[in-house]
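Take a look at the letters that make up each chain.
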Amino acid sequence: MLVLDRQADRILWLDMLRVVSCICVIGLHVLGGQWYVTDLYGDQWSIINEYRAVFQFAVPTFLMISGYLNIKSANISITFYMRKALYVLGVYLFWSFFYLLLKIPFVDIDLGSISGIFLQVVACDNHLWYLRVYIFLLLLTPFLKGIAFHKNGKNLVEYFLALLFVLVYVRETWCLFDFPAFKYIEALFAGMQIDHLTGSLKYIAYYLLGYYIAEYVPKLSWVPLLVTITVFCVTTGAELNSHFSRESGTLVQIYSDHFSLPIFFECFTIFYIFSHELSKIQIKDKCKTIITSLAKRTPGIYLLHWTLTFCVDHLGLSLIPNIPSILIPISAIAIFFMFYLIVTTINHIPFFPKGILLE
């Protein structure tokens, strides 16, 4: 999803990962509003909190898919990635303006000046933030390809990832604990102006990690242990969120956000399983056709599904009232297929510009 992959011979395991990740993004947005308004001390909030932790891998995984395809691509033209970035920018501005119009019945918006409207479009605060990040990564891709295709590319990529791992994930984690030694390290980082870089480095790390896993990580014999560690980390992160949220009376999510160690392990494990294990499974042609069809629609589904969650939240409704926990992922799957049908229908409208849906 959102990798603008128009190659004829699609990579099936990437298509499967796109579909799963898109469903989980929908799950995150379905749960998003409820996580903030549900009784913090109730069982329903605990269920929502656990699912949110599990679904957090979805957005970083999209960055990993994009990074793998763009860095691996044989196209090394800088102008190609600049044109691609401009195209995504156009799509971003279109949908940002669309969602600004959608807000008008619900939110008091200042439409008094063209410059004010444009600023609100550019600074759109919904799920379209991903496109802004993707534009930045596209512009950076020629530089990252230069690292990856260098004669010592593997070593350079490993060094770069190790550096990012310490500066982003390890640092994000140790800042959560009050160990005396850490304040001296943080003081050193502050003097090095590291904070001005980490915002961008967070996304570059995932973008490069997808390429590294698919290209350089060998087949592991201890996958069950890797999965066990990942489950433990994600569960622990969710429980820490729950504990400190209820202790402080304020919602806490830093122990399982996109850039926490638990979610890093989850992203690594899921991407590895799809690229090294599921890629070896033989699938019937009919199933391949279905998966490919679903994957092609994920950009449009991503762009459009926010209309439902936005309207439901602003009407004071809930897509997941007090329902059994098993129905939460089923709700996300149902919404995915509903918007699959909507996007497919839109694509059959004569003269409709398909590029607006990133297809």
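Residues numbered from 1 in each chain as written. Predicted model: local features only at pLDDT ≥ 70, side-chain atom pairs only at ≥ 80, totals over all residues. Heavy atoms only, no water.

**Some words on helix H4 (residues 78-103)**
Link 1 in the chain: Across its 26 residues, H4 extends 37 Å between first and last C-alpha, which sits within 8% of the 38 Å expected from 1.5 Å per residue.
Link 2 in the chain: Considered for burial, the residues of H4 that qualify are Tyr-81, Lys-84, Ala-85, Val-88, Val-91, Tyr-92, Trp-95, Ser-96, Tyr-99, Leu-100, Leu-102 and Lys-103.
Link 3 in the chain: Where H4 is buried, its residues touch helix H3 (58-72), helix H5 (114-122), helix H6 (129-148) and helix H12 (285-314). (Helix = DSSP H or I, 4+ residues; strand = E, 2+ residues; numbered from the N terminus. Expected span 1.5 Å × (residues − 1). Buried < 20%, exposed > 50% of the residue type's maximum accessible area, 1.4 Å probe, protein only. Contact = heavy atoms within 4.5 Å.)

**Quick word on the side chain of Arg-297**
Link 1 in the chain: Along the polypeptide, Arg-297 turns up in helix H12.
Link 2 in the chain: For Arg-297, a relative accessible area of 15% puts it in the buried group.
Link 3 in the chain: Leaving out residues up to four positions away in the same chain, Arg-297 has contacts with Tyr-340, Val-343, Thr-344, Asn-347 and Glu-359.

**Considering the nonpolar core**
Link 1 in the chain: Core analysis: the largest hydrophobic core is formed by 104 residues, its most contacted members being Trp-95, Leu-131 and Tyr-206.
Link 2 in the chain: Per-element accounting of this core gives the leading share, 15 residues, to helix H1 (residues 12-37). (Core = buried A, V, L, I, M, F, W, Y, C linked by side-chain atoms within 4.5 Å.)

**A look at the layout of surface pockets**
Link 1 in the chain: For the largest pocket, the calculated volume is near 710 Å³.
Link 2 in the chain: In this structure, the largest pocket is lined by 25 residues; those nearest its centre are His-29, Tyr-36, Arg-52, Trp-129 and Trp-306.
Link 3 in the chain: Elements that contribute at least two residues to the lining of the largest pocket include exactly H1 and H12.
Link 4 in the chain: Counted by class, the lining of the largest pocket contains 10 nonpolar, 10 polar and 5 charged residues. (1 Å grid on protein atoms, 1.4 Å probe; cavity = no way out; pocket = protein on both sides within 12 Å on 5 of 7 lines; lining within 4 Å. Points joined across faces, edges and corners; volume = space filled by probe spheres on them. Nonpolar A, V, L, I, M, F, W, Y, C, P; charged D, E, K, R; others polar.)

**As for the pattern of salt bridges**
Link 1 in the chain: Scanning all chains against the criterion turns up 4 salt bridges.
Link 2 in the chain: Residues Arg-18 and Asp-15 are paired through a salt bridge, measuring 2.5 Å at the closest nitrogen-oxygen approach. Residue Arg-18 and its partner Asp-15 are located together in helix H1, separated by 3 residues, close to a single helical turn. Like Asp-15, Arg-18 is buried.
Link 3 in the chain: Notably, a salt bridge pairs Lys-219 with Glu-277, separated by 3.0 Å at the nearest N-O pair. Highlighted residues: Lys-219 in the loop between helix H9 (195-216) and helix H10 (223-248) and Glu-277 in helix H11 (residues 261-277), separated in sequence by 58 residues.
Link 4 in the chain: When its relative accessible area of 60% is taken as the criterion, Lys-219 is described as exposed. (Salt bridge = Lys/Arg side-chain N within 4 Å of Asp/Glu carboxyl O.)

**A short note on a nonpolar patch on the surface**
Link 1 in the chain: A contiguous nonpolar patch, built from Ile-78, Met-82 and Leu-139 and spanning about 300 Å² of accessible area, is present on the exposed surface.
Link 2 in the chain: Inspection of the secondary structure puts Ile-78 in helix H4. (Patch = residues over 30% accessible without salt bridge, like charges linked within 9 Å, V, L, I, M, F, W, Y side chains within 5 Å. Areas by Shrake-Rupley, 256 points an atom, 1.4 Å probe, with all protein chains shown as cover.)

**Things to note about the side chain of Thr-298**
Link 1 in the chain: Counting through the fold element by element, Thr-298 comes out in helix H12.
Link 2 in the chain: Of the polar contacts made by the side chain of Thr-298, one reaches the backbone oxygen of Ala-295; its length is 2.6 Å. (Polar contact = N/O pair within 3.5 Å; in protein donor to acceptor, adjacent residues only side chain to side chain.)

**Quick look at the packing of aromatic side chains**
Link 1 in the chain: Using the criterion set out here, one finds 23 aromatic pairs in the structure.
Link 2 in the chain: For the ring pair Trp-95 and Phe-98, a centre distance of 5.2 Å and an interplane angle of 75 degrees mean the geometry is edge-to-face. Of this pair, Trp-95 and Phe-98 both sit in helix H4, 3 residues apart, which is roughly one turn of that helix.
Link 3 in the chain: Through successive ring pairs, a cluster of aromatic residues spans Phe-62, Trp-129, Tyr-130, Tyr-134, Tyr-203, Tyr-206, Phe-259 and Tyr-302.
Link 4 in the chain: Taking the ring centre of Trp-35 as reference, the NZ or CZ of Arg-52 above it sits at 4.2 Å. (Phe/Tyr/Trp six-rings, centres within 6.5 Å; stacked < 30°, edge-to-face > 60°. Lys NZ or Arg CZ within 6 Å of the ring centre and 35° of its normal.)

**Description of the environment of Phe-62**
Link 1 in the chain: Along the chain, Phe-62 turns up in helix H3.
Link 2 in the chain: Judged by relative accessible area, Phe-62 falls into the buried class, the value being 1%.
Link 3 in the chain: Distance in space between the C-alpha atoms of Phe-62 and Leu-17 is 8.7 Å, their sequence separation being 45 residues.

**Remarks on the environment of Ile-254**
Link 1 in the chain: With respect to the element layout, Ile-254 can be found in the loop between H10 and H11.
Link 2 in the chain: A sequence separation of 14 residues divides Ile-254 from Leu-240, and the C-alpha atoms of the two residues are 9.1 Å apart.

**Describing H12**
Link 1 in the chain: When the terminal C-alpha atoms of H12 are compared, their 43 Å separation across 30 residues agrees well with the 44 Å that a helix rising 1.5 Å per residue should span.
Link 2 in the chain: For H12, the principal kink sits at Thr-298 and spans about 45 degrees; a proline, Pro-299, occurs within the next four residues. (Bend = angle between axes of the 7 residues up to and from the residue.)

**Quick word on unusual backbone geometry**
Link 1 in the chain: One non-glycine residue, Phe-351, adopts positive backbone phi at about 70 degrees.
Link 2 in the chain: The class for Phe-351 is exposed, based on a relative accessible area of 85%.

**Regarding the confidence of the model for the chain**
Link 1 in the chain: Looking at the chain as a whole, its pLDDT mean stands at 85, while 87% of the residues score no less than 70.
Link 2 in the chain: Long-range and interchain partners of residues 1-8, a stretch whose pLDDT sits below 50, account for 33 contacts in this model, where long-range means more than four residues apart. (pLDDT = per-residue confidence, 0-100.)

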